[in-house]
Amino acid sequence: MILAGLAAVGLHRLAQRYDQTVAREELLDPDARRSRTDLDGPLNYLLVGTDRWRSSSTTADRRSDTILIVHVPAGGREAFLMSVPRDLRVTIPAAPGFSGGEDKINAAYHHGGGGESGTQLLSAALAQLTGIRFDGAAKIDFSGLRDVIDHLGGVRMCVDTEFRSIHTDRVFTPGCQEMDGGTALDFVRQRYDLPNGDYDRQTHQQQLLRAILQRASETSIRNNPVRLDQVLRAVGNSLTVDTNGVPLADLVLALRDLPADALRGIRMPSYPQTIDQVSYVILQEGGGGLFTAVQNQRVPQWAQANPRWVTQL
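Residues numbered from 1 in each chain as written. Predicted model: local features only at pLDDT ≥ 70, side-chain atom pairs only at ≥ 80, totals over all residues. Heavy atoms only, no water.

Brief notes about the nonpolar core
- Membership of the largest hydrophobic core comes to 47 residues, with the highest contact counts inside it found for Leu145, Val155, Met157, Phe187 and Leu208.
- For this core, the leading source of residues is helix H7 (residues 198-216), giving six residues.
- In contact with Val155, not counting residues within four places along its chain, are Ile149, Gln177, Glu178, Met179, Ala184, Leu208, Ala211, Ile212 and Arg215.
- Within the second largest apolar cluster, 38 residues are counted, among which are Val48, Leu126, Ile266 and Met268. (Core = buried A, V, L, I, M, F, W, Y, C linked by side-chain atoms within 4.5 Å. Buried < 20%, exposed > 50% of the residue type's maximum accessible area, 1.4 Å probe, protein only. Helix = DSSP H or I, 4+ residues; strand = E, 2+ residues; numbered from the N terminus. Contact = heavy atoms within 4.5 Å.)

Topic: the packing of aromatic side chains
- For the coordinates displayed, the defined rule picks out three aromatic pairs.
- Note on Phe163 and Phe187: the rings are 6.0 Å apart at their centroids and 25° apart in plane angle, and the pair reads as stacked. Here Phe163, found in strand E9 (residues 163-164), pairs with Phe187, found in helix H6 (residues 181-188); they are 24 residues apart in sequence, far enough to count as distant. As far as the burial class goes, Phe163 and Phe187 line up, both buried.
- Between Phe172 and Phe187 the ring centres are 5.4 Å apart and the planes differ by 50°, which places this aromatic pair in the tilted class. Highlighted residues: Phe172 in strand E10 (residues 171-172) and Phe187 in helix H6, separated in sequence by 15 residues. The same class applies to Phe172 and to Phe187, which are both buried.
- One cation-aromatic arrangement involves Lys104 over Tyr280; the distance from NZ or CZ to the ring centre is 5.8 Å. (Phe/Tyr/Trp six-rings, centres within 6.5 Å; stacked < 30°, edge-to-face > 60°. Lys NZ or Arg CZ within 6 Å of the ring centre and 35° of its normal.)

Details of H7
- The end-to-end C-alpha distance of H7 is 27 Å, a good match for the 27 Å that 19 residues give at a rise of 1.5 Å each.
- Within H7, 17 of the 19 residues are buried, leaving the element largely enclosed by the surrounding structure. (Expected span 1.5 Å × (residues − 1).)

Describing the state of the cysteines
- Throughout the structure, instances matching the rule amount to one disulfide.
- Two residues share a disulfide in this structure: Cys158 and Cys176, whose sulfurs sit 1.9 Å from each other. Residues Cys158 and Cys176 are joined by a disulfide whose S-S torsion is about 100°; by sign, that bridge is right-handed. With Cys158 in strand E8 (residues 155-159) and Cys176 in strand E11 (residues 175-179), this pair connects stretches of sequence that are 18 residues apart. (Disulfide = S-S within 2.5 Å.)

Digging into the confidence of the model for the protein
- Confidence along the protein averages 87 in pLDDT terms, with 89% of residues attaining 70 or more.
- The weakest mean pLDDT in the protein belongs to helix H1 (residues 2-6) at 60; the strongest belongs to strand E5 (residues 89-92) at 97. (pLDDT = per-residue confidence, 0-100.)

Things to note about the packing of helix H5 (residues 142-151) against H6
- Viewed as axis vectors pointing N to C, H5 and H6 meet at an angle of 125°, and their least axial separation amounts to 8 Å. One finds that H5 runs oblique with respect to H6. Like other packed secondary-structure pairs, H5 and H6 cross with a definite hand, here right-handed. In this structure, H5 uses Phe142, Leu145, Arg146, Ile149 and Asp150 to contact H6, whose residues at the interface are Gly181, Gly182, Ala184 and Leu185. (Axes fitted to C-alpha atoms, helices over the stretch in contact; angles between N-to-C directions. Parallel < 35°, antiparallel > 145°, perpendicular 65-115°, else oblique. Left-handed = near helix turned anticlockwise from the far one by under 90°.)

As for the side chain of Arg86
- Mapped onto the fold, Arg86 is located in the loop between strand E4 (79-83) and E5.
- Not counting the four nearest positions on each side in its chain, Arg86 is found in contact with Asp65, Lys104, Ile105, Asn106, Arg191, Asp198 and Arg201.

Structure follows, in structure tokens:
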């Protein structure tokens, strides 16, 4: 998505040039993978953000800090960012060293051992829950994403409610403002002291993706070879991808008509509940029809009929 926002001419050549900077892994479990990806049809991708930026973290103790399902209807002219609540109670399949069972969805990455195997287990849990099969996946390192934002010259984010960061003690005041990479990531990781808790956090994460795509699409960046090179290298250094056998250049071309204002945010129909003194998020039965809409290629119609779960980006 970021590559698609960076250039309108010579896009294929750009993608080929930086294809080698992006790490490749088998991020999807076989049961979560679509057997064949058709770039002319609807596309589903799993996007996982990890908290590797923490200096004290290790592969074994990390959890997936951000989980999104990206649905692109056929034609590639809009995309729906479906945030998965980190505390969503799910059944996680068994894995080496883990017997399987009920837990929060963000624990799947940990139970799988982090990294490639952790993302595979996470994808298996989501496929089992939603019935969705993925055309690919991307794992994002937050420290690398911070560099991407800084090379882009920052992003414009809007703060609705004043609150203090539990990580840096920074106070965010209401209003739209330019944020550098560190500030933007600090902002979107907060959920405490916000009116809607983690739901607000999900919205902020979706808004950050839109802000990055918006800034990446600006002509001033595309026309500055040095800055463009810095951004593209930072993108490559922050990503690990699984494209289901599709060349990255072809995927970028398929998304070339996806502008920032075509991103739609969706929160999964769910509600908080405490079980055995543990706070969870419980999915509405069938995801309120969302997963069926994905499978039947009717997500735009679902969003129109369910405005409560659509976020303003």
